Amino acid sequence: MEIGQIQQRRLSDNIVEQLELMMLDGALKPGQRLPAERVLAEQFGVSRPSLREAIQKLAARGLLTSRQGGGNYVTESLGSSFSDPLLGLLEGRPDAHRDLLEFRHTLEADCAYYAALRATELDHQHLREAYEALQACYTSGDTGGRAEEGAADARFHLAIAEASHNIILLHTIRGLFDLLKRNVVTNIGGMYALRPETRQMLMRQHQQLFEAIIEGRAEDARRHAGAHIGYVQEVLAERQQEEQRRSRARRRETPR
C-alpha cells in the first residue's frame, strides 16, 4: 500500500479560511474596512507577514480590495445579485414588484422561522435596534420620509436574515437589499393613499413578527412574516384594480 505524505497547510491558508467564514457569516460586510494589520494579527494570534499573505490571496480572488490612503476592504460587489441598471429596469415594471413580493413571501417566512430558532442574544440586540428604528419612522408620522422608512424596513428584514444563521438566506437578502428598499418605498406610497389604516397595520405586523422571533416561537414567526407580505400583496392588488377602474372611466370621458 502506497502512502502519500501529509501536506502541512500554510498559516496564511488558515487565515484565509477564517476571513472567508467572517464574510459568509456577515461579520465582515461588503464595503467594510478590515481592522489594521497590527490589530488583526493580534486578534488572530499570527505574524503580520502571514496575515499579509492571506490578504493578498483574498485580493487576488476579488474578495478584498485596497484603497488609496491605505486599508483593506471587503469588495463592495460581494453578494450583489442585482446591478444598478437592472434595478432601474425592474423599478418601472409593476409585474416585477408583484414577483418580488411573491419571492419575499417564501424567503422571509423561512428567515423568520430560523431566526426564532437560532438567534443569539447579540442577534436579539441587533434585531431590537432595527425594529425600534423602523417603529420610530412609523410613529413620526412623516409621510415625506418614505425613503428613510423604506431603508429602515429593509434593514429590519436584513437583521432577521442575519439572525437566521443561514448564509444562503442572508446573502440572498443582502444581495436584494437595494431592490427591497426601493420596493418598500414604491409600495407604501400607494398603500397609505388607498388605506389610511395601513401605517397602523404595518406597525402591528412588524411588532408581532419581532416578538415571535425574540420569544423563540418559530411557527408563529413564519406565519406573521407570511401574513405581513400577504397584506401588502392584498393592498397592492386592490390599488391596481382601482387604477384600472379609473383608467376605464377616463376612457369613457374621451370626446367621441
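So, here's what we can say about the structure.

The rules behind the values
- Residues numbered from 1 in each chain as written.
- Predicted model: local features only at pLDDT ≥ 70, side-chain atom pairs only at ≥ 80, totals over all residues.
- Heavy atoms only, no water.
- Helix = DSSP H or I, 4+ residues; strand = E, 2+ residues; numbered from the N terminus.
- Buried < 20%, exposed > 50% of the residue type's maximum accessible area, 1.4 Å probe, protein only.
- Contact = heavy atoms within 4.5 Å.
- Areas by Shrake-Rupley, 256 points an atom, 1.4 Å probe, with all protein chains shown as cover.
- Salt bridge = Lys/Arg side-chain N within 4 Å of Asp/Glu carboxyl O.
- Phe/Tyr/Trp six-rings, centres within 6.5 Å; stacked < 30°, edge-to-face > 60°.
- Lys NZ or Arg CZ within 6 Å of the ring centre and 35° of its normal.

## Description of the overall build of the protein
Point 1. Tallying secondary structure elements over the protein gives 11 helices and two strands in all.
Point 2. Secondary structure of the protein in N-to-C order comes out as α-α-α-β-β-α-α-α-α-α-α-α-α.
Point 3. Out of the 256 residues belonging to the protein, those deemed buried represent 39%.
Point 4. Taking contacts inside the protein between residues at least 6 apart in sequence as the whole, the part at least 24 apart equals 74%.
Point 5. Per element, the accessible surface of the protein, about 14600 Å² overall, is 50% carbon and sulfur.

## Here we look at the pattern of salt bridges
Point 1. All chains considered together, the criterion is met by 15 salt bridges.
Point 2. Measuring nitrogen to oxygen at the nearest pair gives 2.4 Å for the salt bridge that ties Arg61 to Glu20. Residue Arg61 is found in the loop between helix H3 (48–60) and strand E1 (64–66), and its partner Glu20 is found in helix H1 (residues 11–25); the two are separated by 41 residues along the sequence.
Point 3. A relative accessible area of 51% places Arg61 in the exposed class.
Point 4. Accessibility expressed as a relative area gives 23% for Glu20, which makes it partly exposed.
Point 5. For Glu215, the salt bridge is made with Arg217, and the minimal N-O distance between the two is 2.8 Å.
Point 6. A cluster of three or more residues bridged by salt bridges with shared partners is formed by Arg10, Asp13, Glu53 and Lys57.

## Some thoughts on unusual backbone geometry
Point 1. Phi is positive for His165, which is not a glycine, with a value near 55 degrees.
Point 2. When you line up the elements, His165 lands in the loop between helix H7 (146–163) and helix H8 (167–175).

## Regarding the packing of aromatic side chains
Point 1. Following the criterion strictly, the structure yields three aromatic pairs and no others.
Point 2. Summarising the aromatic geometry, the rings of Tyr131 and Phe156 are spaced 6.1 Å apart at their centres and angled 50 degrees between planes, so their arrangement reads as tilted. Linking Tyr131 in helix H6 (residues 121–140) with Phe156 in helix H7, this pair joins segments that are 25 residues apart in sequence. Each of the two residues, Tyr131 as well as Phe156, counts as buried.
Point 3. Residue classification places Tyr131 among the buried positions, given a relative accessible area of 10%.
Point 4. Feature note: the residues Tyr131, Phe156 and Phe210 constitute an aromatic cluster, connected by ring pairs.
Point 5. The ring of Tyr73 carries Arg67 above its face, with NZ or CZ at 3.8 Å from the centroid.
Point 6. For the cation-ring pair, Arg222 lies above Tyr113, with the distance from its terminal atom to the ring centre recorded as 4.1 Å.

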